[in-house]
Amino acid sequence: MVVYAEKKALHQELSQNSKRLFSESANTTVVTCTVNGEEGKESGNGTVTSSCLDIEEYGANGEITGEKKAYVATVLERYTRRWHERSKHHLGYPANLDFNYDDLDQFQQFLINNCGDPFIEGNYGVNSRDFEVAVLDWFANLWEIKKDEYWGYITNGGTEGNFHGLLVGREMFPDGILYTSSESHYSVFKAAHMYRMECIKIDTLISGEINCGDLKANLLRNKNKPAIINITIGTTIKGGVDDVDLVIQTLEECGFPRNRFYIHCDGALFGVMLPFLDQAPRVTFKKPIDSISISGHKFIGCPMPCGVQIVRTNHINLLSRNVEYISSKDVTIMGSRNGHNPIFLWYALYCKGYNGFRKEVQKCMQNARYLRDRLVEVGVSVMLNEFSNTVVFERPKDEEFIRHWQLPCEGNITHVVVMPNVTIDKLNSFVDEIVKKRLIWFKVDGKLPTCVAFEIGKENCVCPQHK
Ligand SMILES: Cc1ncc(COP(=O)(O)O)c(C=O)c1O
């Protein structure tokens, strides 16, 4: 293990070198190194990466000197360049980088804080609750719940939405068992751990969706306790969609009446997308579900993480506590809440509208199919679920390529998430590069394509055995 003290010492040493690095090379701002031969323990890719920035004291009175300003400007410029470059090769994480919020620069001068309940006018005057409620109404309409039947708020992301949804479930059923698939996002297991909830991991199908046969077996074994179910609408790695209707049917078959279960839908990415695909399973409160959360920076796109959480109003009183200090109610996970987020979301929703999103979703689906077909063409094992923009394929053979395109890997597989900013040109350069690299991996280095039949199915695997 790389212990904390060693890492700290390393960081200090790197910091000493930082100015030298800045002046030596315009492009070098990150030092990558291996500590004590303990590769891969911390980052999973064999390295510990440390950015060498420090905060130095200048002048006795903290005045901003010319030298200080010049240094800051260099640092900022360097990061701008670095992030432009990294954004160009951003294929593996579900973030829409195609946004322009320049109109909102004027709000940078305000500390906008939406602490408390968005539906209660609190004491803190610089808040964006008007924007927040407009965004919530937009989602309530999308997910088919009436204004007076929902409560919600703008979160810091999908993780917070899961934390909130599962907390409401636990408050409703303190002795309930959480059932969630093994391919759920890690935040679900984290919430279960933090809330000390009993959690049963349910098997998945090849697509990544929950296996309702295994769910049924587990529900039947635990009929004496209420069920809190986390449904994933778009699993992180494979883009699988849990079948809500089948889950509800399974609950019924196992003898769980409506007042003995709570369903939270983690729709981080697909919760915004599926409603715009005509044939896709419907994401709707007309079904007996209790809460839905999404990440705002994923499909919608936003310079900072954010999200939306909507829950049935009648459940929310369980969490709500009056707080005199803010003249509001404490119903959210966080105290102070980022008041800029709702404005960004409002702006994006207002500018694009339902029709704009429909077009973008369709374009992503088409481009994802294009990438899948091209990978098939060049002999890569690949899988693309229906209604998904997550193209899953065999893990590339070198870490540099993985880092270059920022591909998240899990075991033998990785994926590209085809977001609105991902163009056909970019996909072509990605495929061209993978083709060149495969010549090296397989012809020069003599490696063999990995078998990924277990992960994505025999029919999608083109390893020597399944070709
Ligand atoms: C299915 C799923 N749920 C939740 C999250 C967490 O979202 P966030 O990163 O916005 O906290 C993710 C993130 O990738 C996800 O894929």
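Before any of the text, the structure's been laid out above.
Residues numbered from 1 in each chain as written. Predicted model: local features only at pLDDT ≥ 70, side-chain atom pairs only at ≥ 80, totals over all residues.

1. Focus on the pairing of strand β15 (residues 413-417)
So, step 1. By the criterion of burial, β15 is predominantly enclosed, with 5 of the 5 residues buried.
So, step 2. Alternating residues of β15 divide into I413, H415 and V417 and T414 and V416, and every residue in both groups is buried.
So, step 3. With 5 bridges joining them, strand β13 (residues 390-394) and β15 adopt antiparallel strand pairing. Counterpart to V391 in the pairing with β15 is V416.
So, step 4. Bridge count between strand β14 (residues 409-410) and β15: 2 bridges; the pairing is antiparallel. In the sheet register, C409 faces β15, and the bridge partner there is T414.
So, step 5. Taking the residues between adjacent antiparallel strands as the criterion, β14 and β15 are bridged by 2 residues, where G411 takes a positive phi near 60 degrees. (Buried ≥ 20, exposed ≤ 12 C-beta atoms within 10 Å, placed from the backbone. Helix = DSSP H or I, 4+ residues; strand = E, 2+ residues; numbered from the N terminus. Pairing = 2+ DSSP bridges.)

2. Some points on the site of the ligand
So, step 1. The immediate surroundings of the ligand are formed by 17 residues, with G157, G158, T159, H185 and S295 found nearest.
So, step 2. Broken down by element, the residue count for the shell around the ligand peaks at 3 residues, all from helix α4 (residues 158-172).
So, step 3. Partitioning the shell around the ligand into residue classes produces 4 nonpolar, 12 polar and 1 charged. (Near = placed C-beta within 6 Å. Nonpolar A, V, L, I, M, F, W, Y, C, P; charged D, E, K, R; others polar.)

3. So, the sheet that holds β15
In a beta sheet, neighbouring strands are held together by backbone hydrogen bonds and run either parallel or antiparallel to one another.
So, step 1. On the basis of which strands lie adjacent, the open sheet formed by 4 strands has the order β12-β13-β15-β14 and antiparallel pairing. The open sheet has two edge strands, β12 (382-383) and β14, and neither has a second partner.
So, step 2. The strands touched by helix α10 (residues 340-377) within the sheet are β12, β13 and β15, with β13 carrying the most contacts at an inclination of about 15 degrees. (Contact = placed C-beta atoms within 7 Å. Axes fitted to C-alpha atoms, helices over the stretch in contact; angles between N-to-C directions.)

4. So, the nonpolar core
So, step 1. Counting residues in hydrophobic clusters, the biggest one holds 95 residues, and the most contacted among them are V135, W143, I310, L345, V391 and V418.
So, step 2. If you tally residues by element for this core, the top one is α10, at 13 residues.
So, step 3. When residues of this core are assigned to domains, at least three map to each of domain 2 (105-351) and domain 3 (358-460).
So, step 4. Other than its neighbours up to four places away in sequence, I310 contacts L136, F139, A140, W143, I145, Y150, G152, S291 and I292. (Core = buried A, V, L, I, M, F, W, Y, C linked by C-beta atoms within 7 Å. Domains from an automatic or database assignment.)

5. Notes on the sheet that holds strand β4 (residues 177-181)
So, step 1. Sheet architecture is open: 7 strands sit in the order β3-β9-β8-β7-β6-β4-β5, paired in mixed fashion. Each edge of the open sheet is held by one strand with a lone partner, namely β3 (150-155) and β5 (198-202). Averaged over all pairs of adjacent strands, the angle between their axes in this sheet comes to 15 degrees, without regard to strand direction.
So, step 2. In this structure, strand β7 (residues 261-266) lies alongside strand β8 (residues 291-295), joined through 3 bridges in parallel fashion.

6. Focus on the packing of helix α3 (residues 129-142) against α10
So, step 1. Two elements in contact, α3 and α10, have axes separated by 8 Å at closest approach and are oriented at 50 degrees. Our classification of the angle between α3 and α10 gives oblique. Of the two possible hands of crossing, α3 and α10 adopt the one that is left-handed. Here F131, E132, A134, V135 and W138 of α3 come into contact with α10, specifically with P342, I343, L345, W346 and L349. (Parallel < 35°, antiparallel > 145°, perpendicular 65-115°, else oblique. Left-handed = near helix turned anticlockwise from the far one by under 90°.)

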